[in-house]
Amino acid sequence: MKAVVYKGPYEVAVEDVEDPKIQDPTDVIVRITSTAICGSDLHMYEGRTDAEPGISFGHENMGIVEEVGSGVTTVSKGDRVVMPFNVACGFCDNCRAGKSAFCLTVNDPGMAGGAYGYVGMGPYAGGQAEMLRVPFADYNCVQLPKGNEHEKDFAMLADIFPTGYHATELAGVKPGETVAVYGAGPVGQMAAYSALLKGASRVFVVDNKSDRLDIAKNMGAEPINFDDGDPAQQIHDKVQAYGVDRGIDAVGYQATVSSGEEQPAIVLNQLVDTVRHTGGLGIVGLYLPSDPGAPNEHAAKGELLFRIGRFFEKGQFMGTGQADAKQYAHKLRDLIIAGRAEPNFVVSQELPLADAPDAYRRFDNRESGYTKVLLQPGR
Ligand SMILES: NC(=O)c1ccc[n+]([C@@H]2O[C@H](COP(=O)([O-])OP(=O)(O)OC[C@H]3O[C@@H](n4cnc5c(N)ncnc54)[C@H](O)[C@@H]3O)[C@@H](O)[C@H]2O)c1
Ligand SMILES: [Zn+2]
Ligand SMILES: [Zn+2]
């Protein structure tokens, strides 16, 4: 079958690889109908991780079940399913507590959590391919209505919709509250959308990419361009209070300033400034324990210059980490089915798998109009 394979920094290719096979009785094989490119894939794409050439990418996958292992009970051939990106067992302590991003059985000893097609997240091939092996299929497949309705909406359940929602949970967003989201990429858009779904009174979205800020504005959020000055100050001026109730980081360690220079902790520090005393911060933008491509030696060792003193003084709290996507996927699916959520507005392109190399390059350049790319291998 064809799959998107990492060749080295800034290069992926669509190549023939071996078809996936049932390895354990609890596996299924899914024929992929839609698979998205994520900002998280770009860390590997840019050579900022230990990903070795040859790894296949793709953790945002949905499709039709093609083959079913003998130990699978709730998934059948022909079912339409989406796989939230956490590969998880469903029975360890963390899975039982809903913390599916920190499954204790799917990775090497001492590590927690697995994902499809991601360095350090276990031996699972990616789904930017014609087919995908899904382990512990009863737990890892989320059932969808048959047919092809809502394909773009359901595809967002594999990562960014639950991840955006998770960010609002980490920050503790409640109805009527004010929220600032840093980053108007797909994850930031879904965090802002989730905050609005939860009944936030005002949601600010910070970025300097005008096409992305326009998307935020169209959903009912208030765009803040950091090229126009300190975003924390801009938001304080608008709320006329001690700050917003909740803040979300959907940028991560590759945060830049207006000049384009990277400043790895700038968003964390701006969030502390933006949020009121005792408010909550949800950090879903990615931070790495070490970063071979970092702009300075502190950042390379993962030592970010986070001003913990100010954070402490303000009595704030912070939640971090990979999102427990599985915890929310079923309920968010039901909102889509009921017509109450339509996350597809964030999808900017639907392309055949063969276009992946070009799509990676354009999305990595944050080219105007390239917000969220869906690859459709069946096309
Ligand atoms: N925790 C999780 O489970 C999880 C899941 C998916 C993605 N992520 C991470 O979320 C982050 C965002 O990913 P994405 O897919 O939305 O794509 P993305 O990387 O394109 O989005 C980042 C956005 O942040 C903006 N930005 C850069 N510096 C900024 C600053 N100083 N202030 C405000 N905005 C700034 C960029 O212009 C861009 O639009 C990545 O780090 C990704 O790895 C985490
Ligand atoms: Zn993703
Ligand atoms: Zn588990």
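Everything numeric here is computed off the predicted structure, so don't read it as measured data.

A. Structural view of the coordination of the zinc ion (ligand 3). Looking at the metal site, the zinc ion (ligand 3) is ligated by C89 (SG), C92 (SG), C95 (SG) and C103 (SG), spaced 2.3 to 2.4 Å from it. Of note is the zinc ion (ligand 3), whose 4 donor atoms meet at the metal with angles of 101 to 117° in an arrangement that counts as tetrahedral. Each donor residue of the zinc ion (ligand 3) belongs to the same chain, and together they define the spacing C-x2-C-x2-C-x7-C. Of the two residues, C92 sits in the loop between β6 (86-87) and α2 (93-96) while C103 sits in the loop between α2 and β7 (114-115), which places them 11 residues apart along the sequence. Overall, the relative accessible area of 7% leaves C92 in the buried class. What makes C103 buried here is its relative accessible area of 0%.

B. Representation of the UniProt feature "domain: Alcohol dehydrogenase-like C-terminal" (unreviewed entry) in the protein chain. With numbering aligned to this structure, UniProt lists the feature "domain: Alcohol dehydrogenase-like C-terminal" (unreviewed entry) at residues 186-259. Secondary structure across residues 186-259 divides into 41% helix and 22% strand, with the first and last C-alpha atoms of the span separated by 22 Å.

C. View of the sheet that holds strand β11 (residues 202-207). Here we have 6 strands laid out as an open sheet, ordered β12-β11-β10-β13-β14-β15, and parallel in their pairing. With one partner strand each, in any of the chains shown, β12 (222-225) and β15 (317-320) form the two edges of the open sheet. The mean inter-strand angle of the sheet, taken between neighbouring strand axes irrespective of direction, is 20°. Judged from the 5 bridges that link them, strand β13 (residues 244-249) and strand β14 (residues 275-283) form a sheet pairing that is parallel. Bridging across to β14, R246 finds its partner in G280. Against the sheet, helix α8 (residues 231-239) touches β10 (178-182), β11, β12 and β13, its axis set at about 160° to β11. Relative to the sheet, helix α9 (residues 266-274) contacts β10, β13 and β14, its axis offset from that of β14 by approximately 145°.

D. Structural detail: the environment of N61. By the secondary structure assignment, N61 is in strand β4 (residues 60-68). For the pair N61 and G113, spaced 52 residues apart in the sequence, the C-alpha separation amounts to 17 Å. Ignoring anything within four residues of it in the chain, the contact list for N61 reads I32, S34, T35, V82, M83, Y116, G127, Q128, L132 and A158. A distance of 3.2 Å separates a polar atom in the side chain of N61 from the backbone oxygen of G58.

E. Quick peek at the packing of α8 against α9. At a minimum axis separation of 9 Å, α8 and α9 run at an interaxial angle of 20°. In this view, α8 runs roughly parallel relative to α9, as classed from their interaxial angle. For the pair α8 and α9, the sense of crossing is right-handed. Of α9, the residues touching α8 (which contributes P231, A232, I235 and H236) are Q270, D273 and T274. Of the residues in the contact of α8 with α9, the class split is 3 nonpolar, 3 polar and 1 charged.

Thresholds applied
Residues numbered from 1 in each chain as written. Chains lettered and ligands numbered in written order. Predicted model: local features only at pLDDT ≥ 70, side-chain atom pairs only at ≥ 80, totals over all residues. Heavy atoms only, no water. Donors = N, O, S within 2.8 Å, 3.2 Å for Na, K, Ca; no water. Tetrahedral: all angles 85-135°; square planar, octahedral: opposite > 155°, others 65-115°. Helix = DSSP H or I, 4+ residues; strand = E, 2+ residues; numbered from the N terminus. Buried < 20%, exposed > 50% of the residue type's maximum accessible area, 1.4 Å probe, protein only. UniProt positions renumbered as here; feature names shortened; annotations may be inferred. Pairing = 2+ DSSP bridges. Axes fitted to C-alpha atoms, helices over the stretch in contact; angles between N-to-C directions. Contact = heavy atoms within 4.5 Å. Polar contact = N/O pair within 3.5 Å; in protein donor to acceptor, adjacent residues only side chain to side chain. Parallel < 35°, antiparallel > 145°, perpendicular 65-115°, else oblique. Left-handed = near helix turned anticlockwise from the far one by under 90°. Nonpolar A, V, L, I, M, F, W, Y, C, P; charged D, E, K, R; others polar.

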